[in-house]
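# Report on the structure
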Amino acid sequence: MKKRLYSMVFMFVLTFFFAAVVSAVKVHNEERIQTNQQVKLQRIILAVLGIPLHERATNREVLETFERRVKPIEVKQQTLYVGYAENGKQITAYAFAVGGAGFWGPVYGMVSVDPEASRILGIAFYRHSETPGLGARITEPWFTKQFAGLPLFPVEGDKKIFYLKPAGPGKGPNELDAITGATGTSRAVETFVNRDLDRFLRETWKLVKKG
Amino acid sequence: MPKPLSGSQIFLQGLWNDNPVLRQILGICSTLAVTNLLVNTLVMNAGLIFTVCMSNLTVSILRNYTPMRIRMMAQTLIIASYVIIVDIVIGAYLPDISEALGPYVGLIITNCIVMGRCEAFARNNRPWPSFVDGLAMSLGYAAVLLIIAVIREPLGFGTLFGYRIMPEGFTPWTIMIMAPGAFFTLGLFAWFVRAKFPQTAEEKKQGH
């Protein structure tokens, strides 16, 4: 009996001690971790909006630029990041989140469109668990650059705004290069980006136009 | 009671004679997962070295107070605490690498090397030798991972530490990026070492 009680007390004290230490470390670093995540998202938003940051911009500089040039607005449950020109008046682009199931796990991205929502300006994927060197290449410039200038329009039936096709010549203007060796990821990106663009055009954009 | 091992003997055991990856075939999961980029491998190694050393030290300090029947529970708690600390610190200071390593930092908890050393060594030895044993074993693990990463990164990405080292026309070997690439690399490497430098009676008998 005494032995059992000792075991329980021992485990209780040990757990209490380590939980306290881990909590202390967590609390101590909480702010830094949150800033990291916030700054990471802001960097992505600035990048797709085409607002330049110099190469070694610190967290503080990112936060300041974001504050000055970007205004988030809520439109029907969707957050739109409105990018402003240097003078702070003229709207240069809108950015919003896209995302869905990738091949291995969820993929998160950010798209920007011009002030008339007639073309895509840029796209970036920032969180995913695709295979490095294969599906993970959705983050590489050669892949994301293809989306710039893509015309946007509401599509009918099972047509899509863009298609990802095997790399090669003889493709239409809305047919982009898929990633060789990552057919699953390419298909997934094609599906959810098309879906989210379509949803934006049909639901959010109407409300933005009305003001 | 066998004579306690000296510091250099412990190191020889961990790095070579009893190398956790090559001889004991432990810690394979992370060996396959995080060796396609050297930077990730280095951070993973640092995390494991810290965890094994500190867990061994703590388990050893508490060895005379820990009731036999609940020692595994206590060890798991100790290991998990150190791993969570590593995970938080990497997330705070190296966010990009933290993302790249994904769940594998957290999975150090289940790395057999950590609990294996607590059970096999720390719980029967004094704190200092236990710490040294942890260091030796984790360095043995780290060395193998680095060797595999040095093979995989250039073949898979054409780079080393992110710098391009392969000639312009080099076609990256996709398989080297994926887990099977590590599987073959590790298999060939372990085979080479065991055939060339046999340790067990069985290995010696088979010859080479």
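Residues numbered from 1 in each chain as written. Chains lettered and ligands numbered in written order. Predicted model: local features only at pLDDT ≥ 70, side-chain atom pairs only at ≥ 80, totals over all residues.

## Considering the overall build of chain A
Counting its secondary structure elements, chain A contains four helices and seven strands. Along chain A, helices (α) and strands (β) appear in the sequence α-α-β-β-β-β-β-α-β-β-α when read from the amino end. Relative to the 2.2 N^0.38 estimate, which gives 17 Å for 211 residues, the radius of gyration of chain A is 22 Å and therefore markedly larger than a compact globule would have. C-alpha atoms of chain A, sized along the principal axes, occupy 80 × 45 × 35 Å. In chain A, which comprises 211 residues, the share counted as buried stands at 25%. Once local pairs closer than 6 in sequence are excluded, the contacts in chain A between residues at least 24 apart make up 51%. (Helix = DSSP H or I, 4+ residues; strand = E, 2+ residues; numbered from the N terminus. Rg over C-alpha atoms; globule rule 2.2 N^0.38 Å. Buried ≥ 20, exposed ≤ 12 C-beta atoms within 10 Å, placed from the backbone. Contact = placed C-beta atoms within 7 Å.)

## Some points on the interface of chain B and chain A
Each partner contributes to the interface: chain B provides 25 residues, whereas chain A provides 23 residues. For the side of chain B that touches chain A, the secondary structure elements donating two or more residues are helix H4 (71-93), helix H7 (127-157) and helix H8 (174-177) of chain B. With 11 residues, the single largest contributor to the side of chain B that touches chain A is H4 of chain B. Here the side of chain B that touches chain A is composed, by residue class, of 17 nonpolar, seven polar and one charged. (Nonpolar A, V, L, I, M, F, W, Y, C, P; charged D, E, K, R; others polar.)

## Focus on helix H9 (residues 179-196) of chain B
Residue and element names in this part refer to chain B. Between its terminal C-alpha atoms H9 stretches 26 Å, which fits the 26 Å expected from 18 residues at 1.5 Å a residue. If you check which residues of H9 are buried, you get Gly181, Ala182, Thr185 and Leu186. Buried residues of H9 fall within an arc of 120° about the axis and therefore sit on the same side. The exposed set on the far side of H9, more than 90 degrees from its buried face, consists of Pro180, Phe184, Gly187, Leu188, Trp191 and Ala195. The elements touched by buried residues of H9 are helix H2 (28-33), H7 and H8. (Expected span 1.5 Å × (residues − 1). Arc of directions from axis to C-beta.)

## Some points on the sheet that holds strand E2 (residues 78-84) of chain A
Residue and element names in this part refer to chain A. Strand order in the open sheet formed by five strands is E1-E2-E3-E4-E5, with antiparallel pairing between adjacent strands. Every interior strand has two partners, whereas the edge strands, strand E1 (70-75) and strand E5 (120-127), have only one. Taken over all neighbouring pairs, the strand axes of this sheet differ in orientation by 25° on average, direction set aside. As paired elements, E2 and strand E3 (residues 91-101) share four bridges and run antiparallel to each other. Each bridged residue has a counterpart across the sheet, and for tyrosine 81 the counterpart in E3 is alanine 95. With respect to the sheet, helix H1 (residues 2-49) is in contact with E1, E2, E3, strand E4 (106-113) and E5, its orientation differing from that of E5 by roughly 160°. Its contacts with the sheet put helix H4 (residues 183-210) on E1, E2, E3 and E4, and the angle it makes with E3 is roughly 135°. (Pairing = 2+ DSSP bridges. Axes fitted to C-alpha atoms, helices over the stretch in contact; angles between N-to-C directions.)

## Structural notes on the confidence of the model for chain A
On average, residues of chain A score 89 in pLDDT, and 100% of them are at 70 or above. Considering each helix and strand of chain A separately, the mean pLDDT is smallest for helix H2 (residues 59-69) of chain A, with a value of 87, and largest for E4 of chain A, with 94. (pLDDT = per-residue confidence, 0-100.)

## Re the nonpolar core
Among the nonpolar cores identified, the biggest contains 47 residues, and Tyr82, Val114 and Tyr141 of chain B are the most heavily contacted of them. Of all the secondary-structure elements, those providing two or more residues to this core are helix H3 (38-61), H4, helix H6 (112-120), H7 and H9 of chain B. Those residues in contact with tyrosine 82 of chain B that lie beyond four places of it in its chain are Phe50, Thr51, Met54 and Ser55 of chain B. In terms of nonpolar packing, the next biggest core, distinct from the first, is built from 42 residues, Leu46, Val113 and Leu152 of chain A together with Met176 of chain B among them. (Core = buried A, V, L, I, M, F, W, Y, C linked by C-beta atoms within 7 Å.)

## Topic: the pairing of E1 of chain A
All names here are of chain A. For E1, the tally of buried residues reaches only zero of six residues, placing the bulk of the element at the surface. Pairing analysis gives six bridges linking E1 to E2, with the strands arranged antiparallel. Considered in E2, the bridge of lysine 71 is made with valine 82.

## Focus on the environment of phenylalanine 96 of chain A
All names here are of chain A. Residue position: phenylalanine 96 is located in strand E3. Of the residues examined, phenylalanine 96 has 22 C-beta atoms within 10 Å and is grouped as buried. Setting aside chain neighbours within four positions, we find phenylalanine 96 in contact with Gln78, Thr79, Leu80, Tyr81, Val111 and Phe200.

## Focus: the packing of H3 of chain B against H7 of chain B
Residues and elements named next belong to chain B. The contact between H3 and H7 brings their axes to 8 Å, and the two run at 165°. Viewed along their axes, H3 and H7 adopt a mutual orientation that is roughly antiparallel. Where H3 crosses over H7, the two elements pack in a sense that is right-handed. Of the residues in the contact of H3 with H7, the class split is 18 nonpolar, seven polar and two charged. (Parallel < 35°, antiparallel > 145°, perpendicular 65-115°, else oblique. Left-handed = near helix turned anticlockwise from the far one by under 90°.)

## Remarks on unusual backbone geometry
Look at alanine 117 of chain A: it is not a glycine, yet its phi comes out positive at around 55°. Take alanine 117 of chain A: it is sitting in the loop between E4 and E5. At isoleucine 25 of chain B, a residue that is not glycine, the phi angle is positive and equals roughly 50°. Relative to the assigned elements, isoleucine 25 of chain B resides in the loop between helix H1 (7-17) and H2. For isoleucine 25 of chain B, a count of 13 C-beta atoms within 10 Å translates into the label partly exposed.

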